[in-house]
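Spelled out from the first residue to the last, the chains are:
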Amino acid sequence: MKYPKYERFGRLRKYLQEVFGMRRLKADKELWAVLDPICRASSSTGCTFHELNVLYSHILKHRPSRVLELGPGVSTIVMGYAAKKVRASGGECQIVAMEDIPFYHDDLKNLLPAALNDCVQLILSPTEDREINGFIARRYINTPHHEYGLVFIDGPQIPSQKEDPRYLDGDILDVAEWNKKPFTAYLDCRIGTRDALKALMPRATIHWDKQHKFSRIEFSSAT
Ligand SMILES: C[S@@+](CC[C@H](N)C(=O)[O-])C[C@H]1O[C@@H](n2cnc3c(N)ncnc32)[C@H](O)[C@@H]1O
């Protein structure tokens, strides 16, 4: 049964979060000078302002020394400016961004401001598929084996759930194996990946934001 009143409340909440997210990003003048023209030129950045702000604010609050981004784009620029702020206040922070399609890799390389060269490492890497417990995990082959405090999963592209429900974005399985400390991951849409992770990593805690179709996943060291 549907409750229209609550659905309207959900839409209002989403709208307010968008406005708040945009304001928060606008307050970083250096970031906004780059982001604003990009957003004006494109009707969609991939992520909503709320999601971009969640990533930006998470980095400023938790100051992870390494962030792994799987499937870069505008979000890389936003996280790059957050990393720059962390560094400016004496911290360490590097964004490692994995892409498998040369066209999108070159596109972002050209778009990335020179001010972010030290903060962002863009890596072009082929992907491979691995079978695991009846699922097919697609992963970038050349992801550097570091400890990551934050992972943002927005790639690689996999068949839709309708086309083949066995696929998931599988790099997070590797990170969970080589990371020694607990860490957080965010997952944009990718409901097939979310459901596969529930089955493959039952001890990870998944918070699902229905309005934004955005998940936050907490991995403990014993996940
Ligand atoms: C959804 S995009 C990543 C977007 C990025 N995380 C953001 O929010 O700004 C995920 C992958 O899709 C591919 N991609 C990028 N732009 C695309 C486009 N306009 N159309 C189709 N695929 C795209 C790239 O291979 C990229 O790694």
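Look up: the structure comes first, before these words.
Residues numbered from 1 in each chain as written. Predicted model: local features only at pLDDT ≥ 70, side-chain atom pairs only at ≥ 80, totals over all residues.

## A word on the overall build of the chain
Just so we agree on the cut-off: The numbering of helices and of strands both runs from the N terminus, where a helix is a DSSP run of H or I of at least 4 residues and a strand a run of E of at least 2. C-alpha atoms define the radius of gyration in this analysis, and the globule rule sets the expected value at 2.2 Å times the number of residues to the power 0.38. Two residues qualify as a contact pair if the distance between their C-beta atoms, derived from the backbone, is within 7 Å.
From N to C terminus, the chain includes seven helices and 10 strands. The globule rule puts the C-alpha radius of gyration for 223 residues at 17 Å, and the 17 Å found for the chain is close to it. Expressed as lengths along the three principal axes of its C-alpha atoms, the size of the chain is roughly 45 × 45 × 35 Å. Long-range pairs, those at least 24 residues apart, make up 70% of the contacts in the chain between residues at least 6 apart in sequence.

## A closer look at the environment of Thr 205
The line we're drawing: Any residue whose C-beta has 12 or fewer other C-beta atoms within 10 Å is treated as exposed, any with 20 or more as buried, and any in between as partly exposed, C-beta atoms being built from the backbone.
In this structure, Thr 205 sits in strand E9 (residues 205-209). Judged by the 12 C-beta atoms lying within 10 Å of it, Thr 205 is exposed. Every residue in contact with Thr 205, bar those within four places of it in the chain, is listed here: Ile 217 and Glu 218.

## Some remarks on the sheet that holds strand E3 (residues 120-124)
Under the convention used in this document: Two strands are counted as paired when DSSP detects at least two bridges linking them. Only the contacting stretch of a helix is used when fitting its axis, a line to C-alpha atoms as for every element, and angles between N-to-C directions run 0 to 180 degrees.
Taken in spatial order, the seven strands make up an open sheet running E3-E2-E1-E6-E8-E10-E9, and their pairing is mixed. In this open sheet, the two strands that pair with only one neighbour each are E3 and E9. Between one strand axis and the next, the sheet turns by 15 degrees as a mean value, whatever way the strands run. The strands touched by helix H5 (residues 102-111) are strand E2 (94-99) and E3; relative to E3, the strand with the most contacts, the crossing angle is about 160 degrees. Contacts from helix H7 (residues 191-200) reach strand E6 (150-153), strand E8 (183-188), E9 and strand E10 (214-219), with the element oriented near 155 degrees to E9.

## Quick look at the site of the ligand
What counts here: Whether a residue is near a molecule or strand depends on its C-beta atom, placed from the backbone, lying within 6 Å of it. Under the scheme applied here, ten amino acids are nonpolar (Ala, Val, Leu, Ile, Met, Phe, Trp, Tyr, Cys and Pro), four are charged (Asp, Glu, Lys and Arg), and all others, including Gly, are polar.
Around the ligand lies a shell of 14 residues, among which Gly 46, Gly 71, Gly 73, Val 74 and Asp 154 are the nearest. Tallied by class, the residues present in the shell around the ligand amount to five nonpolar, seven polar and two charged.

## What about helix H3 (residues 49-62)?
For clarity, the threshold we go by: Expected span of a helix: the number of residues minus one, times 1.5 Å.
With 14 residues, H3 extends 20 Å between its outermost C-alpha atoms, agreeing within 8% with the 20 Å of an ideal straight helix rising 1.5 Å per residue. Counting buried positions over the 14 residues of H3 gives 10, a clear majority of the element. For H3, every residue scored as buried is listed here: Phe 49, His 50, Glu 51, Leu 52, Asn 53, Val 54, Leu 55, Tyr 56, His 58 and Ile 59.

## Considerations on the sheet that holds strand E7 (residues 167-169)
Spatially, three strands are ordered E4-E5-E7 in an open sheet, and the strand pairing comes out mixed. Strand pairing shows two members of the sheet lacking a second neighbour, strand E4 (127-132) and E7, which therefore form its edges. Across the sheet, the mean angle from the axis of one strand to that of its neighbour is 30 degrees, orientation sign disregarded. With three bridges connecting them, strand E5 (residues 135-140) and E7 associate as parallel partners. Paired with Arg 138 across the bridge in E7 is Asp 169. Contacting E4, E5 and E7, H7 crosses the sheet at an angle of about 90 degrees to E7.

## Brief notes about the environment of His 105
Its place among the elements puts His 105 in helix H5. What makes His 105 partly exposed here is the crowd of 18 C-beta atoms within 10 Å. Separated by 29 residues in the primary sequence, His 105 and Thr 76 have C-alpha atoms spaced 12 Å apart. Contacts of His 105, omitting those with residues within four sequence positions, involve Glu 99, Leu 122 and Leu 124.

## Regarding the packing of H3 against helix H4 (residues 74-88)
Defined as follows: For this classification, under 35 degrees means roughly parallel, over 145 means roughly antiparallel, 65 to 115 means roughly perpendicular, and everything else is oblique. By the definition used in this description, the sense in which the near helix is turned from the far one sets the handedness, with an anticlockwise turn below a right angle giving left-handed and a clockwise turn giving right-handed.
Put simply, H3 and H4 touch, their axes get as near as 9 Å, and they point 20 degrees apart. The angle between H3 and H4 falls in the class roughly parallel. The two elements H3 and H4 meet at a crossing, and its hand is right-handed. Listed contacts from H4 to Leu 52, Leu 55, Tyr 56, Ile 59 and Leu 60 of H3 are Ser 75, Val 78, Met 79, Ala 82, Ala 83, Lys 85 and Val 86. Among the residues making up the contact of H3 with H4, the classes are represented as 10 nonpolar, one polar and one charged.

## Regarding unusual backbone geometry
With an omega of -5 degrees, the peptide bond between Gly 155 and Pro 156 qualifies as cis. The residue Pro 156 is located in the loop between E6 and E7 in this model. The backbone of Arg 63 shows a phi angle near 50 degrees, a positive value even though the residue is not glycine. Locating Arg 63 in the fold gives a position in the loop between H3 and strand E1 (66-70). With 19 C-beta atoms counted inside 10 Å, the residue Arg 63 sits in the partly exposed group. The phi dihedral of Arg 190 falls on the positive side, at around 40 degrees, and the residue is not glycine. Turning to its location among the elements, Arg 190 is positioned in the loop between E8 and H7.

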